[in-house]
Amino acid sequence: MRTTLVITLVGLLLLYLAPGGLCQGCAVNEAERPLVRDVQKKMIYSVNASAPPNPSILLALRLAQEHNKRIEQDMLNKLSQDTVERAVASFSSGQVALNILAQQASCSDPRRVSANNSTINLVRLLEQKFKAELHNIAIHGNPLTNFYQLSLDVLALCQLNSHLSPANASALLSPDHKKYYLGGQFSVDTAAVAVLAQICLQTRRQHLPLKVYKKIRQNVQWLVDKILAEKRRDGVIGNIYSTGLAMQALSVSSSYQKPGAWNCLQTLHRVLDEIPQGTFKNPMAASQVLPSLENRTYLDVSRLNCSMDPDNLPLSTARPTSPTRRPPSIRVTYTVADGVNKTFNDSISVTVPQGSVFFKVMEVAQDKDPSKFSFTYTQSSWGPYITSVQGLQADNNHRTYWQLLSNGSPLSQGAGDYVVSNGEKLEVKFSVY
């Protein structure tokens with residue numbers, strides 16, 4: 001006879017521990033609020049009218065305490081139009097999941113996203129794409145995307161009470177090196193979203209079989225322990241860019257932590273210290289840290305009441321301008337290497353303007369010698385993502401990718417964000433994760 005645990009009381013307890021009743025969450029005080037406004041405004045000003053709308057930006061703005069309703073409505077309209085026009089053909093499962101969360105946070109029904117006299121059901125679309133991910137795992141052992149996106153899928157489907165098997169979801173997100181490690185490094189981002197997804201399963205599914213309930217708890221405990229193991233003395237968790245998501249995960253999982261295991265205020269202040277330095281100038285990086293500054297998480301999207309939002313985030317009509325003075329030149333060494341098959345290892349000395357990013361170095365090298373330094377990329381929400389060099393293509397089924405390094409160390413920023421320095425040794429290396 002199969003034993004079933006009715007976890008209504010446990011669910012209520014976990015719901016209390018979730019956003020709105022956080023035991024370890026923390027938020028900025030009024031004196032620190034200008035720093036939060038600075039993050040919000042830079043996110044808004046950074047939006048490129050010619051680029052596809054980024055649901056992560058709208059999601060983060062909706063989870064903030066202060067709002068510019070006109071800007072948020074305009075973002076929602078553009079996101080809906082873009083979704084209707086190209087969702088089926090070009091969106092990955094994780095992009096659909098983020099889109100669902102952004103729509104839900106904007107009090108818009110993701111099952112009926114309309115634009116240009118057309119309507120799309122994003123929940124049904126995500127169910128289809130999630131099924132395709134699982135099919136690819138069954139055939140090749142790897143998802144079409146990665147376990148970060150699969151965790152987003154589970155989170156979004158759970159939030160919408162979709163037809164999602166908690167047993168299958170808990171098995172999918174169970175501890176496994178290849179799910180949560182990239183290039184030998186534990187992925188705090190992936191683990192954090194997996195925690196959020198499974199806390200959602202615990203709090204929104206009131207009747208879980210005992211075996212599934214225990215499995216989810218085991219998964220979350222392992223993930224929380226791993227995240228805490230990545231905590232540095234200064235409060236950063238993993239790296240500064242993974243810290244925002246880690247804060248979300250730890251704030252809703254206090255029952256899995258020993259007393260004093262995490263000092264939320266220390267981490268919060270460490271993040272705040274980085275804002276004036278421009279660390280979160282990439283809008284995607286800013287979007288992942290903003291909710292935690294407000295003591296909110298992605299689990300809060302279903303609790304938002306748009307009619308109660310204040311309209312209290314004024315914006316200047318003039319956008320920040322870039323300096324016009326021409327910067328001095330710097331010289332770096334740039335290498336492209338096949339670290340898997342060992343078929344090539346080529347280097348070149350490149351001169352670029354001071355303040356240039358890694359991607360600029362790659363472009364200059366390609367112009368100087370396209371036979372050795374040609375590359376392709378796709379435009380992701382984080383910026384350009386390198387897909388091939390010298391025609392050698394990254395392949396998710398073979399777990400290969402192009403890794404960015406500086407002086408032999410992996411970078412935590414992308415090619416479009418990392419600012420290079422004079423004399424630096426840069427490398428793009430074909431690697432296995």
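Heads up: the structure comes first, above all this text.
Residues numbered from 1 in each chain as written. Predicted model: local features only at pLDDT ≥ 70, side-chain atom pairs only at ≥ 80, totals over all residues. Heavy atoms only, no water.

**Comments concerning the sheet that holds strand β7 (residues 329-338)**
Step number 1: What the 5 strands build is an open sheet, ordered β8-β7-β14-β12-β13; its pairing is mixed. Strands at the two margins of the open sheet, each flanked by one partner only, are β8 (345-353) and β13 (409-410).
Step number 2: Sheet topology note: the β7/β8 ladder contains 9 bridges and is antiparallel. In the strand pairing of β8, Thr333 is matched with Ser349.
Step number 3: Against the sheet, helix α15 (residues 358-368) engages β7, β8, β12 (400-406) and β14 (425-432), with an angle of about 115 degrees to β8. (Pairing = 2+ DSSP bridges. Helix = DSSP H or I, 4+ residues; strand = E, 2+ residues; numbered from the N terminus. Contact = heavy atoms within 4.5 Å. Axes fitted to C-alpha atoms, helices over the stretch in contact; angles between N-to-C directions.)

**Quick notes on the pairing of β8**
Step number 1: Side chains Asp346, Ile348, Val350 and Val352 project from β8 onto a buried face, and the interleaved Asn345, Ser347, Ser349, Thr351 and Pro353 project onto a face without burial.
Step number 2: Turn length for the β7-β8 hairpin, with the two strands adjacent in sequence and antiparallel, is 6 residues, and the turn residue Lys342 shows positive phi of about 60 degrees. (Buried < 20%, exposed > 50% of the residue type's maximum accessible area, 1.4 Å probe, protein only.)

**Quick look at the pattern of salt bridges**
Step number 1: Counted according to the given criterion, the structure contains 12 salt bridges.
Step number 2: In this structure, the salt-bridge partner of Glu30 is Arg33, at a minimum N-O distance of 3.8 Å.
Step number 3: When its relative accessible area of 7% is taken as the criterion, Arg33 is described as buried.
Step number 4: Between Lys42 and Asp38 there is a salt bridge whose closest N-O contact spans 3.4 Å. With Lys42 and Asp38 both in helix α2 (residues 33-45) and 4 residues apart, the pair spans about one turn of that helix.
Step number 5: Residue Lys42 is classed as partly exposed on the basis of its relative accessible area, which comes to 40%.
Step number 6: Sharing partners across several salt bridges, the network here consists of Arg232, Asp234, Arg270 and Glu274. (Salt bridge = Lys/Arg side-chain N within 4 Å of Asp/Glu carboxyl O.)

**Looking at the state of the cysteines**
Step number 1: Within this structure, the stated rule accounts for 3 disulfides.
Step number 2: A disulfide bridge connects Cys107 with Cys306, and the sulfur atoms are separated by 2.0 Å. Where Cys107 bonds to Cys306 through sulfur, the torsion about that S-S bond is close to 95 degrees, and the disulfide is right-handed. With Cys107 in the loop between α5 (93-105) and β2 (113-115) and Cys306 in the loop between α14 (283-293) and β7, this residue pair connects regions lying 199 residues apart in the sequence.
Step number 3: What makes Cys107 partly exposed here is its relative accessible area of 44%.
Step number 4: Across the disulfide, Cys158 is cross-linked to Cys200 (sulfur-sulfur distance 2.1 Å). Of note, the bridge from Cys158 to Cys200 carries an S-S torsion of about -100 degrees and is left-handed in sense. Pair noted here: Cys158 is in helix α7 (residues 147-159) and Cys200 is in helix α10 (residues 188-204), with a separation of 42 residues, a long-range link.
Step number 5: For Cys200, a relative accessible area of 1% corresponds to the buried category.
Step number 6: Within the chain, bonded cysteines paired by disulfides and numbered along the sequence follow the pattern 1-5, 2-6, 3-4. (Disulfide = S-S within 2.5 Å.)

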